[in-house]
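As a plain string of letters, each chain reads:
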Amino acid sequence: MPDNLTVIPNDLNAFWMPFTANRQFKSQPRMLSKAKDMHYETIDGRKILDGTAGLWCVNAGHSRPKIVNAVQNQVAELDYAPAFQMGHPKAFELANRLIDITPKGLNKVFYTNSGSESVETALKIALAYHKINGDGGRTRLIGRERGYHGVNFGGISVGGIVNNRKMFGTLLGGVDHLPHTHLPDKNAFSRGQPEHGAELADELERIATLHDPSTIAAVIIEPIAGSTGVLIPPKGYLERIRKICDKHGFLLIFDEVITGFGRLGSPFAADYFGVTPDIITTAKGLTSGVIPMGAVIVTEKIHDSFMNGPENMIEFFHGYTYSGNPIAAAAGIGTLETYSDENLLTRGSKLAKYWEDKLHSLNEHPFVIDIRNIGLIGAIELQAIDGMPTKRAFNAFLKAFEKGCLIRTTGDIIALSPPLIITESQIDELIDCIGKVLHEIE
Ligand code: PXG
């Protein structure tokens, strides 16, 4: 088929779409057929500026040559290799390259295929770690309100988004939640980290006392809560969480599925905030969204505790058919090379101030009740329409798509996280587009 022809499906019924208003979509489909660098193209040939890096994942920009070549070559050379009791060079090479950019001390890599699987894996590692160390009474997991840790059972249990939890029964037992840190009355229109709220970390002491600290295995938090509308940690908050975890022997897990790979202008949020967890969960930017892949990165100490017993025994009864899949590993290597060639893991730090100023220029618009930003992430919170929560932001999304820019909405919040290759003039274009949208919606 000539490549200028795009197949237009004539029946949208069979595909039950994820996290989508299926009926709305199917009555008014938004179909993408191509992507290059900062832009998508729709099937009717319209260019759409990508303000969200796909779903927070296309950090290197679209269809980048090193990643495309790596995937094309790999599929022709070694398509699949068994993941258990066998290996192939690229999975090892990627792990080695990865630990060159992860925070110091985090240097063992366990592969998954998504952020959700990274979270399940991290929680299981935490529980097993304590058990191996003769501390099997540590079975409780602490998450946070408004946290998003994917959609599998462990993740929704420690997560704190009500709609993701309420239909699915009793979830995991032994879980408790910290309060979220969103304090709009005190912190609205903060630039970067808000001033107020570090003391909310002390709730971990209260929870520890309530359950007895010796029953708690791990605390999992997103350094910045992404999905729930970009909640940025108050100054000093993460430091206090780390301190309390150390005091009581809790493992600290940072879910860096969104914040990893340059989103804040540093390789990881742990670097940005100067707080090092015991475990980091990643996915998305690991392959710049090109092939599904995630990775859990742990300290040597955690890893080494598993390396005992007879040498012919499996040390950790966990893994996936596609852990370290050759094509995903090749995509990961191509991605890390692209990040390195173009300094993308730190580029955000140079653009952050420009991004911040532009975003906050929208503060005069009707309905805007808060603007938040950090690194190359932004959020614009809108006043909800009375009795119709989420509608105003969803209308903004539809209008923006019509005008040629892709934004993401959650509740009544517009979230932005462009590819890290965005230029200043493309930031202008994105913010102009949103400004016009805000004037036109009701
Ligand atoms: N942890 C975090 C912090 C995430 O943001 C996951 C885990 C799960 O990853 P997978 O690969 O299983 O989807 C995520 C995913 C959005 C949005 O626009 C966010 C995510 C996924 C899709 C949309 O808020 N985050």
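Throughout this document, residue positions are counted from 1 along each chain, in the order its sequence is written. Only residues with pLDDT of 70 or above have their local features reported here, since the model is predicted, and side-chain atom pairs are shown and tallied only from 80 upward, although totals for entire chains, interfaces and linings are computed over all residues.

Trainee: Explain the site of the ligand to me, using residue names and the numbers behind them.
Mentor: In the neighbourhood of the ligand, 18 residues make up the surrounding shell, with Gly115, Ser116, Gly150, Ser227 and Val257 lying closest. Contributions of two or more residues to the shell around the ligand are made by α2 (53-56), α5 (115-132) and β14 (408-410). Helical segments are the DSSP runs of H or I of at least four residues, strand segments are the runs of E of at least two, and each set is numbered from the N terminus. Here the shell around the ligand gets three residues from one element, more than from any other, and that element is α5. Here the limits of each domain have been adopted from an automatic or database domain assignment. Two domains each put at least three residues into the shell around the ligand: domain 1 (22-60 + 343-440) and domain 2 (67-341). Residues are counted as near a molecule or strand when the C-beta atom, derived from backbone positions, lies within 6 Å of that molecule or strand.

Trainee: Any details on the nonpolar core? Residues and values, ideally.
Mentor: Joined through C-beta atoms within 7 Å, a set of buried Ala, Val, Leu, Ile, Met, Phe, Trp, Tyr and Cys residues constitutes a nonpolar core. Each residue is classed by its C-beta neighbour count within 10 Å, where at least 20 other C-beta atoms makes it buried, 12 or fewer makes it exposed, and intermediate counts make it partly exposed; the C-beta atoms are placed from backbone geometry. Counting residues in each nonpolar core, the largest one holds 114 residues, and the members touching the most others are Ala126, Ala218, Val219, Ile253, Ile414 and Ile434. When residues in this core are grouped by element, the largest group, eight residues, is from helix α13 (residues 326-341). Summarising the domain contributions, this core has at least three residues from each of domain 1 (22-60 + 343-440) and domain 2 (67-341). Residue pairs are scored as contacts if the distance between their C-beta atoms, which are placed from the backbone, is within 7 Å. The contacts of alanine 126, once residues within four sequence positions are left out, are Ala217, Ala218, Leu251, Ile253 and Ile279.

Trainee: Summarise the sheet that holds strand β11 (residues 368-374); cite the residues concerned and give the values.
Mentor: Within a sheet, each strand pairs with its neighbour through backbone hydrogen bonds, oriented either parallel or antiparallel. Strand order across the open sheet formed by four strands is β11-β12-β15-β14, with antiparallel pairing between neighbours. Either end of the sheet is taken by a strand with one partner, and the two such strands are β11 and β14. For this sheet, the mean angle separating the axes of adjacent strands, direction not counted, is 20°. Strands are labelled as partners when DSSP assigns at least two bridges between them. Of the strand pairs in this sheet, β11 and strand β12 (residues 377-382) are connected by six bridges, and their pairing is antiparallel. In the sheet register, valine 368 faces β12, and the bridge partner there is leucine 382. Only the stretch in contact is used when fitting a helix axis, every axis being a line fitted to C-alpha atoms; angles between N-to-C directions are given from 0 to 180 degrees. Set on the sheet, helix α14 (residues 344-360) makes contact with β11 and β12; between it and β11 the angle comes to about 175°.

Trainee: Please provide a residue-by-residue account of the sheet that holds strand β10 (residues 294-299), values included.
Mentor: Read across the open sheet, the seven strands follow the order β4-β10-β9-β8-β7-β5-β6; overall the sheet is mixed. With partners counted over all chains shown, the strands left at the sheet margins are β4 (106-112) and β6 (175-178), one partner each. Going across the sheet, the axis of each strand differs from the next one's by a mean of 20°, ignoring polarity. As paired elements, strand β8 (residues 251-255) and strand β9 (residues 279-282) share three bridges and run parallel to each other. In the strand pairing of β9, phenylalanine 254 is matched with isoleucine 280.

Trainee: Any chance you could break down the domain arrangement of the protein chain for me, citing the residues and the numbers?
Mentor: Structurally, the protein chain comprises domain 1 (22-60 + 343-440) and domain 2 (67-341). Inter-centroid distance (C-alpha atoms) of domain 1 to domain 2 is 26 Å. Each side of the interface is counted separately: domain 1 has 34 residues, and domain 2 has 32 residues. Listed by contribution, the elements that provide at least two residues to the side of domain 1 that touches domain 2 are α2, α14, β11, β12 and β15 (413-416).

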